[in-house]
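# Structural features, examined
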Amino acid sequence: MANKKNNNYENVVKPIVVLVVICLITSTLLAVTNYFTAPIIKAKEQQAAYAAYFAVLPDADNFTTVEGFATSGVEEAVKADNGSGYAFKAIGKGFGGDVPVIVGVNMDGVITGVSFLQNSETSGFGARLYDGSADGPAYAAELTGKSGSVALGQDGVNGLAGATVSSTAVVSAVNSALSCFAEVALGQAAVVEQAAPTTLEEAVAILLGDGASYTPVEFATAGVQEAGALDDGSGYVFLAVGAGFGGDVPVAVVTDASGVITGVSFLQNGETSGFGTRLYDGSEDGPAFAAQLVGKSGSVALGSDGVDGLSGATVSSTAVVDAVNNALNCYNEVAQGGAPVAAPVAAPASLDEAVTAFLGDGAVAGEAEGAAAVYTSADGALTLIAVEAEGFSDETAPLTVATCFDAEGVVTNLWVDVSGQTQGLGTKAGEAAFTDLFVGLSDAAGVDAVDAIASVTESSDGVKAGVAACMEIFQTMKGGN
Amino acid sequence: MNNKVKILTNGLLKENPTLRLVLGTCPTLAVTTAASSGLGMGIAAAFVLICSNIVISALRKVIPDKVRLPAYITIIATFVTIVQMLVKAFFTELDTALGVYLPLIVVNCIILGRAEMFASKNKVVDSALDGVGMGLGFTLILVLMGSFRELISKGSIFGVMLLPESLDRFTLMGSAPGGFFTFGLFMAIVVWIEIKTNNRIKRSIGCEGCPSKGACAGKGECE
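Residues numbered from 1 in each chain as written. Chains lettered and ligands numbered in written order. Predicted model: local features only at pLDDT ≥ 70, side-chain atom pairs only at ≥ 80, totals over all residues. Heavy atoms only, no water.

### Structural notes on the overall build of chain B
The helix and strand tally for chain B stands at 8 helices and 2 strands. Put simply, chain B runs from its N terminus to its C terminus through helices and strands in the order α-α-α-α-α-α-α-β-β-α. For chain B, the residues scored as buried account for 44% of the 223 residues in total. Excluding contacts between residues fewer than 6 apart, the proportion of contacts in chain B whose partners are at least 24 apart in sequence is 71%. (Helix = DSSP H or I, 4+ residues; strand = E, 2+ residues; numbered from the N terminus. Buried < 20%, exposed > 50% of the residue type's maximum accessible area, 1.4 Å probe, protein only. Contact = heavy atoms within 4.5 Å.)

Following this line, the structure appears as structure tokens:
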């Protein structure tokens, strides 16, 4: 009995009691030490944090943090207790992320000092701001003494040579600091940067203000996701997309009642960072592109009429132009009652697909001398004749040319099987840019006059010969009838 | 008295924790970038070692064998936290210099090792002296390695510029590879001395060299 009790005490009770007592004593010791050291530690951390502010506003004695400001781009704002001014920790969007800048502003709104905190910019470029070289302090000196707002390239503000993105980030941060000064010291309205819109409603609110509202309308135009008529009758809004580099590029377009673009806003997209993302990431490129599109109507094209797009981001810019054109097409449909522009149909990939595409369903097969295949549409109005022509390597790769004629013998459609031709060269003979040249022709002379594609002579001539042969067969058929 | 002196000097040379027992290597490599950091770490670790040795020795008959590791670690961690708070409040530059290695003193093998190997089996005064000796030995090596690395990578010792500015600095010695170079060099010197004085000891890694091998549940897993 005594043994068992002993065991229990030894194995269970004693360990628990000992541990609990140890923990109680250690907790007390820690609590006491903390009570004495915590305030000292806090004061020291506060000093360290404010150290940066003392450097830019040397006349200050002590700082108090300013609460409740709304200007975007500013992380912290402090006011000097002796009234000598304010200091701000502003953030600009640089190449590798945030570029933190400390700006001191005196009560006249003049910058008293600028210093750069550690950032993740590229070594040798944006990193020169803080790495101890003379470039950072030189740039800081350029900004000191300015007021109101600063801009790169103006008024002696040159930035870092060769590090434009980082220098622009600094300018943006400094301007945020100056705006914040206007807000907290002068009581002006805060400049709040809005995040890029993700829906048409958000984009409309940004472009026309919160009061604008629209009613959705029905539409069938391809490339448009939403369309609406503004409730105040001032125009229309569209959410259109274009095929970009990484997927769809959504663009919100607002037009007035006559179809002239009054506003363009770029929604968040999945394009490449630093390229297509410049449309919505807050840099100036997006708004600049949007401004190029305002005032246009009918249709827009990249490179004409001042529409330059984003430099270096051609695919994304083309996607935007496609989207805007889709929106304008949709305007034609919903406002002017025009026919909806359907999505372009994919080119036929085989003779059978060509037959269905050109003649519709129910085509009837026929025969004719010299022709590889003959089809007549169900209503007899259209005839398709296919021949084997000589392309580039006709032994191994026949060039099938299928020409579709209407009742008068005018070419309405042309399909060429260029699968056996040289990729990038002979295949061009099958593309719409070439085949469309034959549409509307009705005699051999017209076919002859079509220019062969440069460097693609054999394949082009093969197509021309094919079309001419089809015409001959058609004439024979008609003549025979 | 002889006995006490013997215990004290044990940690300095015969059973130097860094070069003979090969304990606490991680902070050794990390904080010896400068002599002053080495000194600061050495003093902090010595303080914790002495305090924990005293407490653990005082409680050695009270703490049941089953729960001795949790008890030791709680006690050690408390002292480390107190040291950390004091350093943060009064020696802020040392806090920045030591960084994360200050709280890592908790898992410094020297402290847990001496608790297991000595303090749990010896009287309070002896344990205190052992703590002092081990702490001094640790600090000694830290300062020597720190001075060596600082001299070659920056040209100074304790901030006092000793090498002329014109001499190129071998800054690699101030970073991780330099730590390994220096440690290897010092170890080689010690082994050479051992061979000369016929005092060669076997230093093992894995379970053999670990102070916690008596209590470890995962035997052989660290190899």
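### Overview of helix α5 (residues 285–293) of chain A
All names here are of chain A. Taken together, the buried positions of α5 are Gly286, Phe289, Ala290, Gln292 and Leu293. For α5, the buried positions fall inside an angular range of 155° around the axis, keeping them on one side. More than 90 degrees from the buried face of α5, the exposed residues found are Pro287 and Ala291. At its buried positions, α5 is contacted by β10 (261–266) and α6 (314–336). Immediately downstream of α5, the backbone of Gly295 shows phi near 95°, a positive value. (Arc of directions from axis to C-beta.)

### Quick look at the sheet that holds strand β1 (residues 63–65) of chain A
Residue and element names in this part refer to chain A. One open sheet holds the 5 strands; their spatial order is β1-β2-β3-β4-β5, and the pairing between them is antiparallel. For this open sheet the edge positions go to β1 and β5 (111–116), each flanked by a neighbour on one side alone. For this sheet the average axis-to-axis angle between neighbouring strands, irrespective of direction, equals 25°. Sheet topology note: the β1/strand β2 (residues 74–80) ladder contains 3 bridges and is antiparallel. (Pairing = 2+ DSSP bridges. Axes fitted to C-alpha atoms, helices over the stretch in contact; angles between N-to-C directions.)

### Let's talk about the pattern of salt bridges
Residue and element names in this part refer to chain B. Applying the stated criterion across every chain yields a total of 10 salt bridges over all chains. Note that Lys88 and Asp95 form a salt bridge whose closest N and O atoms lie 3.5 Å from each other. Salt bridges here are not isolated pairs; linked through shared partners, they connect Glu15, Arg114 and Asp130. (Salt bridge = Lys/Arg side-chain N within 4 Å of Asp/Glu carboxyl O.)

### With respect to unusual backbone geometry
The phi torsion at Asp155(A) lies on the positive side, around 60°, for a residue other than glycine. Here Asp155(A) is to be found in the loop between α2 (135–143) and α3 (164–184). For Asp155(A), a relative accessible area of 64% translates into the label exposed. The phi dihedral of Phe158(B) falls on the positive side, at around 55°, and the residue is not glycine. Following the sequence through the fold, Phe158(B) ends up in the loop between β1 (156–157) and β2 (160–161).

### Observations concerning the side chain of Thr400(A)
All names here are of chain A. Positionally, Thr400 belongs in strand β14 (residues 399–405). You can call Thr400 buried: its relative accessible area is 10%. Side-chain polar atoms of Thr400 contact the side chain of Glu388, separated by 3.5 Å. Ignoring any residue separated from it by four or fewer positions in sequence, one finds Thr400 in contact with Ala386, Val387, Glu388, Trp415, Val416 and Asp417. (Polar contact = N/O pair within 3.5 Å; in protein donor to acceptor, adjacent residues only side chain to side chain.)

### Overview of the interface of chain A and chain B
Contact residues are listed per partner, giving 16 residues for chain A and 20 residues for chain B. Carbon and sulfur atoms supply 82% of the area that chain A and chain B bury against each other, a total of about 1,600 Å² over both sides. At the boundary of chain A and chain B, one finds 0 salt bridges. Counting across the interface, chain A meets chain B through 2 residue pairs in polar contact (both at pLDDT 80 or more). Residue composition of the side of chain A that touches chain B, by class: 9 nonpolar, 5 polar and 2 charged. (Buried area = accessible area lost by both parts, 1.4 Å probe. Nonpolar A, V, L, I, M, F, W, Y, C, P; charged D, E, K, R; others polar.)

### Here we look at the sheet that holds β10(A)
Residues and elements named next belong to chain A. Spatially, 5 strands are ordered β6-β7-β8-β9-β10 in an open sheet, and the strand pairing comes out antiparallel. What marks the edges here is a single partner per strand, and that holds for β6 (214–216) and β10. The sheet shows a mean angle of 25° between the axes of neighbouring strands, direction not considered. Across the sheet, helix α4 (residues 200–208) is in contact with β6, β7 (224–230), β8 (235–243), β9 (248–256) and β10; its angle to β9 comes to roughly 45°. The sheet contacts of α6 involve β7, β8, β9 and β10, and relative to β8 the element is tilted by about 140°.

### Structural notes on the nonpolar core
Counting 33 residues, the largest nonpolar core has Val48(B), Ile63(B), Leu102(B) and Ile105(B) as its most contacted members. Every element with two or more residues in this core is listed here: α1 (2–56) of chain A together with α3 (35–58), α4 (68–90), α5 (92–98), α6 (109–119) and α7 (124–154) of chain B. The element that contributes the greatest number of residues to this core is α4(B), accounting for 8 residues. In this structure, Leu102(B) is in contact with Ala44(B), Val80(B), Val83(B), Gln84(B), Val87(B) and Asp95(B), ignoring residues within four places of it in sequence. By size, the runner-up hydrophobic cluster in this structure holds 31 residues, among which are Leu129(A), Val157(A), Ala173(A) and Phe181(A). (Core = buried A, V, L, I, M, F, W, Y, C linked by side-chain atoms within 4.5 Å.)

### Looking at the layout of surface pockets
All names here are of chain A. Put simply, the largest pocket is a space of about 1,700 Å³. Taken together, 47 residues line the largest pocket, and the ones lying closest to its centre are Lys93, Asp281, Gly282, Ser283 and Glu284. Of all the elements in the fold, those that place two or more residues in the lining of the largest pocket are β3 (85–93), α3, α4, β10 and α5. Of all the elements, α3 adds the most residues to the lining of the largest pocket, at 8 residues. Along the lines of polarity and charge, the residues of the lining of the largest pocket split into 20 nonpolar, 20 polar and 7 charged. (1 Å grid on protein atoms, 1.4 Å probe; cavity = no way out; pocket = protein on both sides within 12 Å on 5 of 7 lines; lining within 4 Å. Points joined across faces, edges and corners; volume = space filled by probe spheres on them.)

### So, the packing of α6(B) against α7(B)
Residues and elements named next belong to chain B. Two elements in contact, α6 and α7, have axes whose closest approach is 11 Å; the angle formed by their N-to-C orientations is 145°. Of the two possible hands of crossing, α6 and α7 adopt the one that is right-handed. Where α6 approaches α7, its residues Ile110, Arg114, Phe118 and Ala119 are matched on the opposing element by Asp126, Ser127, Asp130, Met134 and Phe138. Its residues assigned to classes, the contact of α6 with α7 comprises 5 nonpolar, 1 polar and 3 charged. (Left-handed = near helix turned anticlockwise from the far one by under 90°.)

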